[in-house]
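Breakdown of the fold
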Amino acid sequence: MQKEHTMRKILLLAALIASIGCSTTPTTLLDPGVGRELAQWRKATYLEPSYELHFVIPDKRSEAVEGSVTIALSLEHSSDIVMDFRESENIHSVKLNGQNIEYEAVNEHIVLRNAPRGRNSITVDFTASDQSLNRQEEYLYTLLVPDRARTLFPSFDQPDMKASYTLSLTLPEAWEAVSNTAIRSSKSVEGTKRVEFHPTEPLSTYLFSFVVGKLSKRTYSDSRHTFSAYYRESDPKRLEQLDTIFKQVASSLDWLEEYTGIKYPFAKYDLIILPGFQYGGMEHTGATLYNDTQMFLSNNPTPDEELRRIQLIAHETAHMWFGDYVTMRWFDDVWTKEVFANYFAARMAEPLFPEVNHTLNRLKTYTASALNEDRTAGSTSIRQELDNLRNAGLIYGQIIYNKAPIVMEKLHEIMGEEAFRRGIQEYLRTYAYGNATWDDLIAILDRLCSADLATFSNVWVNEPGMPHISLSRSENTLTVSDSDPLGRGLSWPQRFTVTAVTTNGTKHDIEVMVESKPTTYSLPEGTEYIIANSCGRGYGLFLLAESDLESLAAKWPEIESDTARQATIMNLYENYLHGNITADALLTSLLRGLSTERNPLIASTIVAELAEPLMSGEHHVEERALMELAESHSLNSCRQQILRMLMQIATNESVVAELYDIWHEANHPLLNVNDYMALSYELALRYPERYDTICTTQRSRISDPDRLRRFDYIIRAVHPSKSERDALFSSLLEPQNRRIEPWAASALAYLNHPLRGLEAVEYIRPGLDELLEVQRTGDIFFPRNWVGALLSGHRSPEAHDKLQHFLEENADYPQLMLNKILQAAYPLQRSVR
């Protein structure tokens, strides 16, 4: 198979080289989407592209957006010009060098034959599709990552054809307009205005963006930076948080400029905070988009929420250097921008939250999130093969966002800070405003390090899965070995600490190096048990002897080190999922420790780990005890998180009644408007006879119009009438009814709520059948969110049968999408093991 794949690549490369001197595009390059060979051919053929774009935006969402694009490029010889555009039926005219010209619409491409040598200008007038305009009644925003520019305007929609963009907009006079660069001119004409923007620096198509609408604006300025925030939030209390947001953006910019030695490389930095935005954020240069719920926190945010916000801001700001300034050549290396963004985000958060144990926080966020995917049958390598950009969105996931920073930390450990930083600075200088690959980076780092980084990179970056690390004791000897659960014989080189605890309570740290062969270490006399990965640096499933697991389950609350305590409860949870600990044993251990836990990040981890074993039903834990803990725990954040968990899983009559009282009184000091909205959905499920009352009462409490629209959309999913729910599910199978993807995913999850599991089994097959269309019409995270919402509430054999039948009947299902199904299906498949 490997030889076949290599030979195919050689033949394609030969055809590509031969075609560069030809005037006619090889038909093999005109497949739907943007194939890798087409991208390579265009990169070699088209020189110095630039774009001039104009859009006419009406104030009514029902009216179409009209557009025009002029693309200039140079040709060293006469050649066909192939542009990407999925909406060929919406083309009004095409001109080449000022003259109308015949064109061919082929498989989502516009083909102009035999353009002359020299500088050429192509102008296309068209009606823009709404798919990537994200239109609401009072605003719209573009979101073109990874290959959605071709749904909005004709383009060369590939990351390595960077170009300058000059944008102008005609829009309602009262609306604001924001784009990658500053406004050059604005002129009002009969209730509208024409806004022209300065040209951009060289950008990939997916980074071009604009936002227009009824938006408020506030500007921040200090001695080093001036930037503005645009938003729709109206709550004065939430808007007070803009001062914190501004300071965190400025701090992130300062940190990156100092670390990289490169001043902010773009014309401006503005941020737009939007309701219903699909992601946490998106790093458009000069117009970074953020989700409002991630930025405007409640009056009583948990430490997790505050850390999540600074890391989100730092992540998107890091992208200005890593992703925007230097961009991956092809989306198989998209992880190279995400790894730097998350790795440096964690480092940027440290000086702003000096009281936080950031090693612990990385363990509870990056490591825990990566394990969530790596333990499943849908595990992927960090770097994945990609033949066509139409599948690029399927590469995104927890592996590239959260496992990759763990690998980067190991790389940093191997190289040391000084060499690592010099390598990063050289990488940015070498590929400024251009494109690079992971191999380009490794080549630079390799010159600054004596270690074999290529071998390290191969197992950690190019192979899927994680090590199973066995730690066994015999008398005073510890034996450590790793094994490959996928049977390939791989070994993942890494270092971490094992702490030996003796019967008299003394602790001895042992630095362990995992290599291809088992290694042995001496243990102190009287070792009672060992703590695996007590430093938090290791990654994998740590398999311990039964006696050590029992000791840890009983004694982990006594571990003094916060990092070691966090690592231990994560190891216990992974061993529970692996079948080495029962649900009862895990729950008993976690609840006993939770009652006395004083670190809010560890308490947060415990509450999160309670949910799955509680849902399994294989235990005797009373929800009443959890409710009492929600009322008595010394940490406000823990009380809040327990309440939020109980909202989702409670079935005990007295607990549900108490939750109803909390909702009815609507004055709990730790809950916010979003909590009460979520609680109203859950109560409507448990009290179907009160649906109308709950709905009417909750609506009356919501003053923000965007939040009210969200509530009205989602509440339908918990309607007591099955026919109403069936109708809603059927409507979600139509792309126009799931445009606001976070709302659609929430509605689908409530339709498949565990309390309605058996009634909702019939949704599984049509929901899976729709998945490829969800990918085609949705944004990058939506397929995984869709299938997660569809399957996460199910644990029944009937649901498992539906899933298995689908998998058996679709044996040739696209692998990248199959991975998403298998990742989401892990809890269901585990429940029927």
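Within any chain, residue numbers begin from 1 and follow the written order of that chain's sequence. Only residues with pLDDT of at least 70 are given local features in this predicted model, and only at 80 or more are side-chain atom pairs given and counted; all residues enter the totals for whole chains, interfaces and linings. Side-chain measures were taken over the full set of non-hydrogen atoms in the model, leaving aside hydrogen atoms and water.

1. Details of the state of the cysteines
- By definition, disulfides here are pairs of cysteine sulfur atoms that lie within 2.5 Å. Under the criterion given, the structure shown has 0 disulfides.
- For the unlinked cysteine Cys 449, the closest cysteine sulfur is that of Cys 535, found at 20 Å.
- Relative accessible area decides the class of each residue, using a 1.4 Å probe on protein chains only: under 20% of the type maximum gives buried, over 50% gives exposed, and in between gives partly exposed. Classification of Cys 535 as buried rests on a relative accessible area of 17%.

2. Considering the side chain of Asp 440
- Checked against the element boundaries, Asp 440 lands in helix α12 (residues 438-447).
- Judged by its relative accessible area of 18%, Asp 440 is buried.
- At 2.9 Å, the side chain of Asp 440 forms a polar contact with the backbone nitrogen of Thr 437.
- Apart from residues lying up to four places away in sequence, Asp 440 is in contact with Arg 329 and Tyr 431. Each helix is a run of DSSP H or I of at least 4 residues and each strand a run of E of at least 2, with the numbering of both proceeding from the N terminus. Side-chain atoms alone can form a polar contact between residues adjacent in sequence; in general such a contact is a pair of N or O atoms within 3.5 Å, and within protein one must be able to donate a hydrogen while the other accepts it. Contacts are assigned to residue pairs with any non-hydrogen atoms lying within 4.5 Å of each other.

3. A few points about the packing of aromatic side chains
- Two aromatic rings, drawn from Phe, Tyr or Trp (for Trp, its six-membered ring), form a pair once their centres lie within 6.5 Å of each other, and the interplanar angle then sorts them: stacked below 30 degrees, edge-to-face above 60, tilted otherwise. What the rule picks out here adds up to 50 aromatic pairs.
- An angle of 85 degrees between the planes, with centres 5.7 Å apart, marks the rings of Phe 153 and Phe 208 as edge-to-face. In this pair, Phe 153 sits in the loop between α3 (149-152) and β10 (164-172) while Phe 208 sits in the loop between β13 (192-197) and β14 (210-213), placing the two residues 55 residues apart along the sequence. Phe 208 shares its class with Phe 153; the two are buried.
- Seen from their ring centres, Tyr 231 and Phe 296 are 6.4 Å apart, and the 80 degrees between their planes marks the pair as edge-to-face. Here Tyr 231 is found in strand β16 (residues 226-231), whereas its partner Phe 296 is found in the loop between α6 (292-295) and α7 (303-318), with 65 residues between them in sequence.
- For Tyr 231, a relative accessible area of 5% puts it in the buried group.
- Pairwise contacts between aromatic rings join Tyr 220, Phe 227, Phe 246, Tyr 264, Phe 266, Tyr 269, Trp 321, Tyr 325 and Tyr 433 into one cluster.
- Distance and angle both matter: a charge sits over a ring if NZ of Lys or CZ of Arg is within 6 Å of the ring centre and within 35 degrees of the ring normal. The aromatic ring of Trp 663 is capped on one face by Arg 701, whose charged end is 4.6 Å from the ring centroid.
- Across from the ring centre of Trp 786, 5.5 Å away, lies the NZ or CZ of Arg 738, which sits over that ring.

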